[in-house]
Amino acid sequence: MACEMQTIRVELGERSYSIDIGAALLSRAHEILRGAWSHFPAAPHAVLITDHHVAPLFADPLANQLTTHGWRISTFVVPAGESSKALAAVGRLWEDLLACGADRHSVVLAVGGGVVGDLAGFVAATYTRGIPLIQVPTTLLAQVDSSVGGKVGINLPGSKNMVGAFWQPRYVLIDTETLRTLPEREYRAGLAEVVKYGVIMDEDLFAYLETHLDFIQRRDPEVMQHIVTRCCRLKADVVEIDEREETGRRAILNYGHTFGHALEALTGYDQLLHGEAVAMGMDAAARLAVALGRWDAACWQRQRRLLEALGLPQRWPQVDLPQVMQVMQHDKKSAQGALRLILPSRLGHVELVRDVEPSLIHRVMRECQDPSSASPAARS
Ligand code: NAD
Ligand code: GLY
């Protein structure tokens, strides 16, 4: 049964915007876009940025539809994958925008996963000091996380997301039907971010995931619309009170990410998907919270069981642990080398914890690589 479109409003003063979530929204995008954003001129010019997987699936049909309705569309396709989040791609796109006559009245349409959203968003934030951006996320990860909140940017060699900007979209259009074509591994990786929201902010969402596993495996449209909508609301709540990650509130979204980013970096960004690394990082953070007496071991076990049921890996690869420590200390979330970790204190609640003993972190990471090395209590 098709369910009605849901709308989430992100209240950020003059940068406020709506997120519409529903099935088959792309098939009537021209009408939705015009209704959602009254500032469009009669014949809008859109720069549509996508990748080569998403182009034939969703971006080309969208461009055709909008062209039929009087839009001028300039489409640019980047190679799929993290390597497109780089300065070279930005430079080419700046030139492309200039060549197609884009100006401050044009709008950038980012159609794709988090890579396209972050890259196109950064181009929108910087070209002529900023042009409007509309996010059309097509992966689960992008729908529940990266398309909302305005973080855009690119990687430097060996340093993820190191250059970027806060550039809020004017509007986010989420068609949950795009999830149907997503490769299984990418879909599961997106689910890691969904579990994250449950642990950090919403015990009810966590319990909903536990009781709807079959629906989630089948990508049931109604269940997925409910999950995506809830995650967008949770993210919007955080962004509304700490848009630029200044008070520590937005940092809670990085649960599992400090460990996860280090694992991604040390495996060359080409072995683990972001969500897989986050699942491993959440297990490490949970073990640490239990070892510090901050979290109940039974809750950690619930997190373990849920991640496992969703097909997410938790056991760490054999990376060099002192190197993991080093990379974490250089993470941009660290303050002058001092680690700041997001650790759960109860299901649905996390805290920012400083000054955790490095030897304890090391012990926990060893357990993550080799769970049989854990103390009997930690293995239970
Ligand atoms: P991605 O953009 O690389 O997409 C994953 C793969 O799926 C790609 O091959 C893509 O072509 C393909 N794809 C996309 N939609 C599809 C569909 N509907 N059907 C079939 N294939 C499809 O990866 P991602 O996981 O979406 O995003 C990861 C990126 O997001 C990372 O660079 C990460 O740093 C970034 N990120 C940003 C934020 C933020 O707040 N800005 C938050 C989390 C992650
Ligand atoms: N994905 C983390 C953030 O948006 O802050």
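Refer to the structure presented above.
Undergrad: Hey, could you go over the overall build of the protein for me, with residue numbers and the actual values?
TA: Counting secondary structure elements, the protein contains 15 helices and eleven strands. Taken against the 2.2 N^0.38 rule, which gives 21 Å for 380 residues, the C-alpha radius of gyration of the protein at 21 Å falls within 12% of a compact globule. Its C-alpha atoms give the protein principal-axis dimensions of roughly 65 × 45 × 35 Å. Looking at the protein as a whole, 56% of its 380 residues qualify as buried. When the accessible area of the protein is evaluated, it comes to approximately 15800 Å², of which 51% is carbon and sulfur surface. One way to put it: in the protein the 38 positive side-chain charges average out to a point 3 Å from where the 44 negative ones average out.

Undergrad: Break down the pairing of strand S10 (residues 340-346) for me, citing the residues and quoting the values.
TA: Across six bridges, the pairing between S10 and strand S11 (residues 349-354) is antiparallel. For Arg346, the partnering residue across the bridge sits in S11 and is His349. Between S10 and S11, which pair antiparallel one after the other, the connecting turn spans two residues, and Gly348 there sits at a positive phi close to 95°.

Undergrad: Outline the sheet that holds strand S1 (residues 6-10), listing residues and values.
TA: Pairing between the strands of a sheet comes from backbone hydrogen bonds, and it takes one of two forms, parallel or antiparallel. The seven strands are arranged S1-S2-S9-S6-S5-S3-S4 in an open sheet whose pairing can be described as mixed. Looking at which strands have only one partner, the edges of the open sheet turn out to be S1 and strand S4 (72-78). Strand-to-strand, the axes of this sheet are offset by a mean angle of 15°, without reference to chain direction. Judged from the five bridges that link them, strand S2 (residues 17-22) and strand S9 (residues 171-175) form a sheet pairing that is parallel. Looking at S9, one finds that Ile19 is bridged to Val172. Contacting S2, strand S6 (133-137) and S9, helix H1 (residues 29-36) crosses the sheet at an angle of about 150° to S9.

Undergrad: So what's going on with the site of ligand 1? Which residues, and what values?
TA: Around ligand 1 sit 26 residues, and of these Asp51, Gly114, Thr138, Thr139 and Thr181 come closest. One of the side-chain nitrogen or oxygen atoms of Thr181 is found 2.7 Å away from a nitrogen atom of ligand 1. If ligand 1 stood free it would expose 860 Å²; the protein chains cover 90% of that surface. Within the residue set of the shell around ligand 1, elements represented by two or more residues are helix H2 (54-68), helix H4 (114-126), helix H5 (140-146) and strand S8 (159-166).

Undergrad: Let's hear about the pattern of salt bridges: which residues, and what values?
TA: Pairs can form between side chains of opposite charge once their charged atoms are near each other. Scanning the entire structure with this criterion turns up 24 salt bridges. Linking Glu11 and Arg9 is a salt bridge whose minimum nitrogen-to-oxygen distance equals 3.7 Å. Close ionic contact of Asp145 with Lys235 constitutes a salt bridge, the shortest N to O distance being 2.6 Å. Pair noted here: Asp145 is in helix H5 and Lys235 is in helix H9 (residues 221-241), with a separation of 90 residues, a long-range link. Just as Asp145 is buried, Lys235 falls in that class too. The network of salt bridges with shared partners includes Glu82, Lys85, Asp118, Lys160 and Glu264.

Undergrad: Describe the site of ligand 2, and please don't skip the residues or the numbers.
TA: In the vicinity of ligand 2, the contacting residues are Asp145, Lys151, Lys235, Glu245, Arg250 and Leu253. Lys235 places a polar side-chain atom, nitrogen or oxygen, 2.6 Å from an oxygen atom of ligand 2. A distance of 2.7 Å is found between an oxygen atom of ligand 2 and a side-chain nitrogen or oxygen belonging to Arg250. Protein chains bury 87% of the 200 Å² of accessible surface belonging to ligand 2 in isolation.

Undergrad: Could you give me a rundown of empty space enclosed by the protein, with the residues and numbers involved?
TA: Applying the stated criterion across every chain yields a total of two cavities of 30 Å³ or more. Looking at the second largest cavity, its volume works out to about 40 Å³. For the lining of the second largest cavity, the secondary structure elements donating two or more residues are helix H10 (257-266) and S10. The element that contributes the greatest number of residues to the lining of the second largest cavity is H10, accounting for three residues. Split into classes, the residues belonging to the lining of the second largest cavity amount to five nonpolar, four polar and no charged.

Undergrad: Lay out the packing of helix H11 (residues 274-291) against helix H14 (residues 358-369) in plain terms, naming residues and giving numbers.
TA: Interaxial distance between H11 and H14 falls to 9 Å at its minimum, and their mutual angle equals 130°. Overall, the two elements H11 and H14 adopt an arrangement that is oblique. Where H11 crosses over H14, the two elements pack in a sense that is right-handed. When H11 is examined against H14, the residues Asp283, Ala284, Arg287, Leu288 and Ala291 are found in contact with a partner set consisting of Leu360, Ile361, Arg363, Val364, Glu367 and Cys368. Residues belonging to the contact of H11 with H14 are distributed by class as follows: seven nonpolar, no polar and four charged.

Undergrad: Go over the side chain of Gln168 with me, naming the residues and quoting the values.
TA: Tracing the chain through its elements places Gln168 in the loop between S8 and S9. At a separation of 3.3 Å, a polar atom in the side chain of Gln168 contacts the main-chain amide nitrogen of Gly150. A distance of 3.1 Å separates the side chain of Gln168 from the side chain of Glu243, its partner in a polar contact. Discounting chain neighbours no more than four positions away, the residues touching Gln168 are Leu12, Arg15, Tyr17, Gly149, Gly150, Val239 and Glu243.

Rules used throughout
- Residues numbered from 1 in each chain as written.
- Chains lettered and ligands numbered in written order.
- Predicted model: local features only at pLDDT ≥ 70, side-chain atom pairs only at ≥ 80, totals over all residues.
- Heavy atoms only, no water.
- Helix = DSSP H or I, 4+ residues; strand = E, 2+ residues; numbered from the N terminus.
- Rg over C-alpha atoms; globule rule 2.2 N^0.38 Å.
- Buried < 20%, exposed > 50% of the residue type's maximum accessible area, 1.4 Å probe, protein only.
- Areas by Shrake-Rupley, 256 points an atom, 1.4 Å probe, with all protein chains shown as cover.
- Lys, Arg positive; Asp, Glu negative; His and termini not counted.
- Charge placed at Lys NZ, Arg CZ, Asp CG, Glu CD.
- Pairing = 2+ DSSP bridges.
- Axes fitted to C-alpha atoms, helices over the stretch in contact; angles between N-to-C directions.
- Contact = heavy atoms within 4.5 Å.
- Near = heavy atom within 4 Å.
- Polar contact = N/O pair within 3.5 Å; in protein donor to acceptor, adjacent residues only side chain to side chain.
- Salt bridge = Lys/Arg side-chain N within 4 Å of Asp/Glu carboxyl O.
- 1 Å grid on protein atoms, 1.4 Å probe; cavity = no way out; pocket = protein on both sides within 12 Å on 5 of 7 lines; lining within 4 Å.
- Points joined across faces, edges and corners; volume = space filled by probe spheres on them.
- Nonpolar A, V, L, I, M, F, W, Y, C, P; charged D, E, K, R; others polar.
- Parallel < 35°, antiparallel > 145°, perpendicular 65-115°, else oblique.
- Left-handed = near helix turned anticlockwise from the far one by under 90°.

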